[in-house]
Amino acid sequence: MQTELQTPAAQTRIQRLKALTDATHERLDKRIMAADPFASRERYALFLAVQHHFHADVDPLFTDPRLNRLVPDLPNRVRLEALRQDIFDVTGKVPPVLTAGTGGLSIPAALGWLYVAEGSNLGAAFLLKQAARLGLSEEFGARHLVGHPAGRGLHWRTFVAAFNGFDMSEAEEMDMAEGAKAAFRRVHALVDEFFV
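Residues numbered from 1 in each chain as written. Predicted model: local features only at pLDDT ≥ 70, side-chain atom pairs only at ≥ 80, totals over all residues. Heavy atoms only, no water.

## As for the layout of surface pockets
Next, step 1: Put simply, the largest pocket is a space of about 640 Å³.
Next, step 2: Taken together, 29 residues line the largest pocket, and the ones lying closest to its centre are His25, Asp29, Gly119, Ser120 and Gly123.
Next, step 3: Listing elements by their share of the lining of the largest pocket, those giving two or more residues are helix H1 (13–35), helix H2 (41–58), helix H5 (107–132), helix H6 (152–165) and helix H7 (170–194).
Next, step 4: A per-class count over the lining of the largest pocket returns 18 nonpolar, seven polar and four charged.
Next, step 5: Looking at the second largest pocket, its volume works out to about 190 Å³.
Next, step 6: Those elements that place two or more of their residues in the lining of the second largest pocket are helix H4 (80–91) and H5.
Next, step 7: Classifying every residue of the lining of the second largest pocket by side-chain character gives four nonpolar, six polar and five charged. (1 Å grid on protein atoms, 1.4 Å probe; cavity = no way out; pocket = protein on both sides within 12 Å on 5 of 7 lines; lining within 4 Å. Points joined across faces, edges and corners; volume = space filled by probe spheres on them. Helix = DSSP H or I, 4+ residues; strand = E, 2+ residues; numbered from the N terminus. Nonpolar A, V, L, I, M, F, W, Y, C, P; charged D, E, K, R; others polar.)

So, in structure tokens, the structure goes:
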């Protein structure tokens, strides 16, 4: 009796990107959890500062015409203003307007940064539950953690479908992975800066 060898299905672009960035992402997740950002509202305020700086970095990408031709509904994925309101809710202070740190990125590298920003929205459901233990909610202090009205899963799948459909060379995929790693490292550096 002969058995057929099954060849694994080829990985999608998003799966390859995830594999290329897993180690950097995992280091960041461990660092954030070690900072215990949901231990108190004071620590959560530090977490908001980290998020505010990162989302200020990626904010211009959501209005970049080159990226808007590639990713559907990109301007409706922005979370910076919700973050600014969350900071005001928690601290009573209006956060400063920050300058973006993502100018001059290639399209693939910019897509890597967007991958990190969008991926963080998937994990935000867990974070929203943690924030609720501090008396925060979708209407107060945790707005930026709220899922898309159509649902987190559908919102992510739409993003993934666009990503997997891009016409890209292997070199461009590597550039995208380097962009995503840079975004993860940026958040890691912010965590180190704020959670001293």
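Don't stop here, the text continues.
## Focus: the nonpolar core
Grouped burial of nonpolar side chains is what soluble globular proteins tend to show.
Next, step 1: Ranked by internal contacts, the top residues of the largest apolar core, which has 52 residues, are Tyr44, Phe54, Leu111, Tyr115 and Phe163.
Next, step 2: Of all the elements in the fold, those that place two or more residues in this core are H1, H2, H4, H5, H6 and H7.
Next, step 3: In terms of residue count, H5 provides more of this core than any other element does, 11 residues in total.
Next, step 4: Contacts of Phe163, omitting those with residues within four sequence positions, involve Arg13, Ile14, Leu17, Leu111, Tyr115 and Met176. (Core = buried A, V, L, I, M, F, W, Y, C linked by side-chain atoms within 4.5 Å. Buried < 20%, exposed > 50% of the residue type's maximum accessible area, 1.4 Å probe, protein only. Contact = heavy atoms within 4.5 Å.)

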